[in-house]
Amino acid sequence: MLKGKKIVLGITGSIAAYKAAYLIRALIKKGAEVQVVITPAGKEFITPTTLSALTNKPVVSHFFSTDDGSWHSHVDLGLWADCMVVAPATAASIGKMAHGIADNMLITTYLAMKAPVFIAPAMDADMYAHPSTQRNLELLKSYGNHIIEPATGFLASTLEGKGRMEEPDEIVRQLELFFSETPFSKKKILITVGPTYEKLDPVRFLGNHSSGKMGFALAKACVMRGASVILIAGPVAMHYSHPLIERIDVESAEEMYDAAVSRFPETAVAILCAAVADFRPAQVATEKIKRDGDRPLNIELVANPDIAAALGRQKRSDQLLVGFALETDHAEANAQEKLRKKNLDLIVLNSLKDEGAGFKTDTNKITLIAASGEKKEFPLKSKQEVANDIIEEIGKRI
Ligand code: CTP
């Protein structure tokens, strides 16, 4: 997959620059050709001698050769490359790339780059969490760059503890996935995620504890395999943007229903991961509901539309519908029943009785049940690994 690929590796001034040596070795082992472009600060951390020995090419760091004054063309590099990887990318270089401050060879090369660009941030957690860094990363994503998230806590809803550069092997894996033809290449996948909030009055709602972690992990697993995603998100604190993700924010089950029903026809797969409220208040009070002494308050609830069942009725034979079931008792029988009633092709069962499964955790333990009767149990894993397992199973069926 990376065989014969021409990769421009940009190295900036971070202690993680030593990992660039491992990254080069791993890329070359896969058959790639690597051309290093390094910033002046980068050279403080790893020597051009090491890098040129590993890549078998002179390292580019100046606009002109210091020996003979010949011109190093960033434009030529931009045309030569199949992709550019900036690893490690410091906060300073990320800022310069986001704002076009072309004061060194690496930034000019980036600006002239015609191929996809992958950026692996490397800094301490406070710098990474700073709004300025986050804003710059958002800008870079909006230009279509791919951010290789730092190693820890993609699924953490806060940025706490993040910043360490992703390991070279994982960077290589993400590049391989990007360049490989997978069953997902050029497919569109709809994912519903998070809770829904059902308005009671102007300040209150009925909701649930769904964090959206599983749905975001699924969206990431899809885009890493080349699919584009329509992510219909209830109110969640999570954010993960990617050029291949179109996010539609909704609040209530009815809004989620409308978005899902109208976008389903253009997709190959729909994964219904949202914890949709089954009921909503029959009336939404226009003013804040006041208490009346100790008198009880009765709220009448009406049923919300079932998104999964609606898509099940709408489904074409070339579309795959995947649902979730979170059960406390008779888990498997209930899941089978949902699969049948909603006309799903696959259901992901997680039992609340399993330790580490369910809402707000970073782990999950699932059983996959297919309409064909096939059943597969998986051990307790991180939600990202679970998402990868689910997506691999979906891949076998599309
Ligand atoms: N679902 C949906 N729309 C709804 C309710 C559920 O799309 N209004 C989807 C969920 O996203 C999930 C599957 O249906 O993929 C099962 O959700 P769950 O709440 O377990 O199912 P219900 O049919 O609501 O059954 P229960 O009586 O157990 O709540």
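Our subject is the structure listed above.
Residues numbered from 1 in each chain as written. Predicted model: local features only at pLDDT ≥ 70, side-chain atom pairs only at ≥ 80, totals over all residues. Heavy atoms only, no water.

Summed over all chains, the structure comprises 32 salt bridges. For the salt bridge of E393 with K376, the shortest nitrogen-to-oxygen distance reads 2.7 Å. Taken together, the residues span a long stretch of sequence, with E393 in helix α13 (residues 383-395) and K376 in strand β18 (residues 375-377) at a distance of 17 residues. By relative accessible area, which is 5% here, E393 ends up buried. Overlapping salt bridges, with partners in common, bring together E374, K376, E393, K396 and R397 in one network. (Salt bridge = Lys/Arg side-chain N within 4 Å of Asp/Glu carboxyl O. Helix = DSSP H or I, 4+ residues; strand = E, 2+ residues; numbered from the N terminus. Buried < 20%, exposed > 50% of the residue type's maximum accessible area, 1.4 Å probe, protein only.)

Moving on, we get to the sheet that holds β18. On the basis of which strands lie adjacent, the open sheet formed by eight strands has the order β10-β9-β6-β11-β14-β15-β17-β18 and mixed pairing. Every interior strand has two partners, whereas the edge strands, β10 (245-249) and β18, have only one. Strand-to-strand twist across the sheet, computed as the mean angle between neighbouring axes with direction ignored, equals 15 degrees. As paired elements, strand β11 (residues 269-272) and strand β14 (residues 320-327) share four bridges and run parallel to each other. Residue pairing in the sheet places V269 in a bridge with L320 of β14. Contacts from helix α10 (residues 253-263) reach β6 (188-193), β9 (228-233) and β10, with the element oriented near 160 degrees to β9. (Pairing = 2+ DSSP bridges. Axes fitted to C-alpha atoms, helices over the stretch in contact; angles between N-to-C directions. Contact = heavy atoms within 4.5 Å.)

Across the sheet, which stays open at both edges, the five strands sit in the order β2-β1-β3-β4-β5 with parallel pairing between neighbours. Strands with a single pairing partner mark the edges of an open sheet, and in this sheet they are β2 (33-38) and β5 (146-147). Sheet topology note: the strand β1 (residues 6-11)/β2 ladder contains six bridges and is parallel. Among the inter-strand pairings, K6 is bridged to a residue of β2, identified as E33.

Moving on, we get to the pairing of strand β4 (residues 117-121). The element β4 is largely enclosed, with a buried count of five among its five residues. Judged from the four bridges that link them, strand β3 (residues 83-89) and β4 form a sheet pairing that is parallel. Within the sheet, the bridge partner assigned to V85 lies in β4 and is F118. In this structure, β4 lies alongside β5, joined through two bridges in parallel fashion. Each residue of the ladder has a partner; that of I119, found in β5, is I147.

Taken together, L272, A274, V276, D278, P305, D306, I307, A308, G323, F324, K338 and K342 form the complete shell of residues around the ligand. Contacts to the ligand include P305, whose backbone N or O atom sits 2.9 Å from a nitrogen atom. Calculation on the ligand without its partners gives an accessible area of 560 Å², and the protein chains cover 74% of this total. Within the residue set of the shell around the ligand, elements represented by two or more residues are α11 (307-314) and β14. For the shell around the ligand, a count of residues per class yields seven nonpolar, one polar and four charged. (Near = heavy atom within 4 Å. Polar contact = N/O pair within 3.5 Å; in protein donor to acceptor, adjacent residues only side chain to side chain. Areas by Shrake-Rupley, 256 points an atom, 1.4 Å probe, with all protein chains shown as cover. Nonpolar A, V, L, I, M, F, W, Y, C, P; charged D, E, K, R; others polar.)

Once that is clear, we can look at the side chain of K57. With respect to the helices and strands, K57 occurs in the loop between α2 (48-55) and α3 (74-80). With residues near it in sequence (within four places) discarded, K57 still touches E33, V34, Q35, S52 and W80.

Let's shift gears to the nonpolar core. Within the largest apolar cluster, 37 residues are counted, with the highest numbers of intra-cluster contacts made by I191, L218, I271 and I394. Counting only elements with at least two residues in this core, the list comes to β6, α9 (213-224), β9, β11, β14, β15 (346-351), β17 (367-370) and α13. Examining the composition of this core, we find that eight residues originate from one element, α9, more than from any other. Filtering out sequence-adjacent residues up to four positions away, I271 remains in contact with I189, L190, I191, T192, L218, V322, F324, I391 and I394. Counting 30 residues, the second-largest nonpolar core is a separate cluster that includes A16, I24, A32 and M165. (Core = buried A, V, L, I, M, F, W, Y, C linked by side-chain atoms within 4.5 Å.)

Attention shifts here to the packing of aromatic side chains. In total, this model carries four aromatic pairs according to the counting rule given. For the pair Y18 and Y22, a centre-to-centre distance of 6.4 Å together with 80 degrees between the ring planes defines the contact as edge-to-face. A residue pair is termed a helical-turn pair when its members lie 3 or 4 positions apart in one helix, as Y18 and Y22 do in helix α1 (residues 18-29) at four residues. The class for Y22 is partly exposed, based on a relative accessible area of 46%. Both rings, one in F118 and one in F178, keep their centres 5.1 Å apart while their planes meet at 85 degrees; by these two values the pair is edge-to-face. Within this pair, whereas F118 is found in strand β4, its partner F178 is found in helix α8 (residues 168-179), the two being separated by 60 residues in sequence. Taking relative accessible area as the criterion, F118 reaches 4% and is therefore assigned buried. (Phe/Tyr/Trp six-rings, centres within 6.5 Å; stacked < 30°, edge-to-face > 60°.)

On to α8, then. In an α-helix, one turn spans 3.6 residues, which is why side chains three or four residues apart end up on the same side. Its twelve residues give α8 an end-to-end C-alpha distance of 17 Å, which sits within 8% of 16 Å, the value for a rise of 1.5 Å per residue. For α8, every residue scored as buried is listed here: P168, I171, V172, Q174, L175, E176 and L177. Looking at the buried residues of α8, the elements they touch are α1, β3, β4 and α9. (Expected span 1.5 Å × (residues − 1).)

Below, the discussion takes up the side chain of S61. One can find S61 in the loop between α2 and α3. S61 sits in the buried class, given a relative accessible area of 13%. Here the side chain of S61 touches K43 through a polar contact of 3.1 Å, side chain to side chain.

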